[in-house]
Amino acid sequence: MNNNTDTPVTVIGLGLMGQALAGAFLKAGHPTTVWNRTTSKADPLVAQGARLAPTVGDALAASSLTIICLTDYQAMHELLAANDIELDGTTVINLTSGDSAQARETAHWAGQRGAHYLDGAIMAVPPVIGTAAAVILFSGPQPDFEAHQPALDALGTLTYLGADHGLASLYDVAGLAMMWSVLNAWLQGTALLETAGVDAATYAPFAQQIAAGVAEWLPGYAEQIDNNSFPAEVSALQTDARAMAHLIQESEAVGVNTELPKLIKAMADRAIAAGDGGEQYPVLIEEFRKPRND
Ligand code: NAP
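Definitions and cut-offs
Residues numbered from 1 in each chain as written. Predicted model: local features only at pLDDT ≥ 70, side-chain atom pairs only at ≥ 80, totals over all residues. Heavy atoms only, no water. Domains from an automatic or database assignment. Near = heavy atom within 4 Å. Polar contact = N/O pair within 3.5 Å; in protein donor to acceptor, adjacent residues only side chain to side chain. Areas by Shrake-Rupley, 256 points an atom, 1.4 Å probe, with all protein chains shown as cover. 1 Å grid on protein atoms, 1.4 Å probe; cavity = no way out; pocket = protein on both sides within 12 Å on 5 of 7 lines; lining within 4 Å. Sits in = over half its atoms within 2 Å of the grid points. Helix = DSSP H or I, 4+ residues; strand = E, 2+ residues; numbered from the N terminus. Nonpolar A, V, L, I, M, F, W, Y, C, P; charged D, E, K, R; others polar. Salt bridge = Lys/Arg side-chain N within 4 Å of Asp/Glu carboxyl O. Buried < 20%, exposed > 50% of the residue type's maximum accessible area, 1.4 Å probe, protein only. Expected span 1.5 Å × (residues − 1). Arc of directions from axis to C-beta. Contact = heavy atoms within 4.5 Å.

**Student:** What is the right way to read the domain arrangement of the protein chain from this model?
**Tutor:** Bring the parts together and some accessible area is lost; that lost area is often taken as the interface size. Split by domain assignment, the protein chain resolves into domain 1 (9-163) and domain 2 (195-288). When each unit is reduced to the centre of its C-alpha atoms, the spacing between domain 1 and domain 2 is 40 Å.

**Student:** Where do I start with the site of the ligand in this structure?
**Tutor:** Taken together, 20 residues lie around the ligand, and Met17, Asn36, Thr38, Lys41 and Ser97 are the ones closest in. In this structure, an oxygen atom belonging to the ligand sits 3.2 Å away from a main-chain N or O atom of Leu14. The protein chains hide 76% of the 900 Å² of surface that the ligand would expose on its own. The cavity that encloses the ligand is the second largest pocket. Mapped by element, the contributors of at least two residues to the shell around the ligand are α1 (16-27) and α4 (73-82). Broken down by class, the residue content of the shell around the ligand amounts to 10 nonpolar, seven polar and three charged.

**Student:** Would you mind showing me how to read the pattern of salt bridges here?
**Tutor:** As a working rule, side chains carrying opposite charge can pair if their charged atoms are close by. Within the structure shown, the criterion is met by seven salt bridges. In this structure, the salt-bridge partner of Glu286 is Arg289, at a minimum N-O distance of 3.5 Å. Highlighted residues: Glu286 and Arg289, both in helix α11 (residues 285-289), separated by three residues, approximately one helical turn. Looking at Glu286, the relative accessible area reads 30%, which means it is partly exposed. Note on Arg289: relative accessible area 47%, which makes it partly exposed.

**Student:** Just checking my understanding: could you explain helix α9 (residues 237-254) for this structure?
**Tutor:** Working note: α-helix, 3.6 residues per turn, so residues spaced by three or four point in the same direction. Compared with the 26 Å implied by 1.5 Å per residue over 18 residues, the 26 Å span of α9 between its first and last C-alpha is a close match. Every buried residue of α9 is accounted for by Leu237, Ala241, Met244, Ala245, Ile248 and Ser251. Projection of α9 onto a plane perpendicular to its axis shows the buried side chains occupying an angular sector of 130°, all on one side. Facing away from the buried surface of α9 by more than 90 degrees, the exposed residues are Arg242, His246 and Ala253. At its buried positions, α9 is contacted by α7 (167-194) and α10 (259-276). The first or second residue beyond α9 is Gly255, which carries a positive phi of 80°.

This is how it looks when you write it as structure tokens:
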């Protein structure tokens, strides 16, 4: 393990995120080699002391740790396949967004070429990279993560999730499900209240309180899911379903979109039809576990 900032690192891909990653390594003092398809994007980094590698192969050879951050996995495979890349003994950390199958396949591909491979997901926007607010998830062999953690610390708050290479991508999309669900619920409420002349800014702090309050329920509800036992301690699903009907009726009456309320109620109705109406809300996990793609 090398825990000083002399550790050389390579960053391949200098889009908005790659530039931020390379910039954070440079700021922390790491000798940083960069490569990008569009060479000019390296200029600001070179001005800060980065070395621009002439080829991808040269970039990979320059450091025992290479971070890749491209548009998608296809771009990464196209890039590496188009060049006669030597990966034996090097560590590649792929921070490109993708799904868990792509992560596992790429780990297999890298392993066949003798590379150490970690997959990662960045839960942050470029301006916060290099600060504690930048949460970055990693999965893959723990010794590989620990060997490079001191260098990776330059990027933000690191979270190691486990040996399964797919975990970082799974947590990433799970987080997206949470983010969009909260935002859509807020937009539904905002559209409803606008019909009575209440503007978004007035409703926002109220909605924020509700979201924070609901978030408090998660650990207790998680316990019910893990124990597969859903006693209605606070409210039964059939009671919630009646409130869902109010949401649909109100949305219809004031002329706003009813797709989201109807989806919420349709799932609850299926669970009630299956005999779970007397259970507490997290019993709906059964509906989420089933494949249903329509
Ligand atoms: P971006 O600004 O569009 O940059 C894309 C990068 O991929 C560029 O370096 C581009 O090279 C390169 N690229 C695309 N296709 C290529 C190919 N076939 N061969 C070689 N290079 C190729 O995107 P970004 O915002 O940096 O995002 C990069 C990754 O980070 C994505 O997976 C994204 O989901 C993830 N991410 C981004 C954010 C964010 O807020 N930006 C947040 C979390 C995660 P050129 O410069 O030559 O076009």
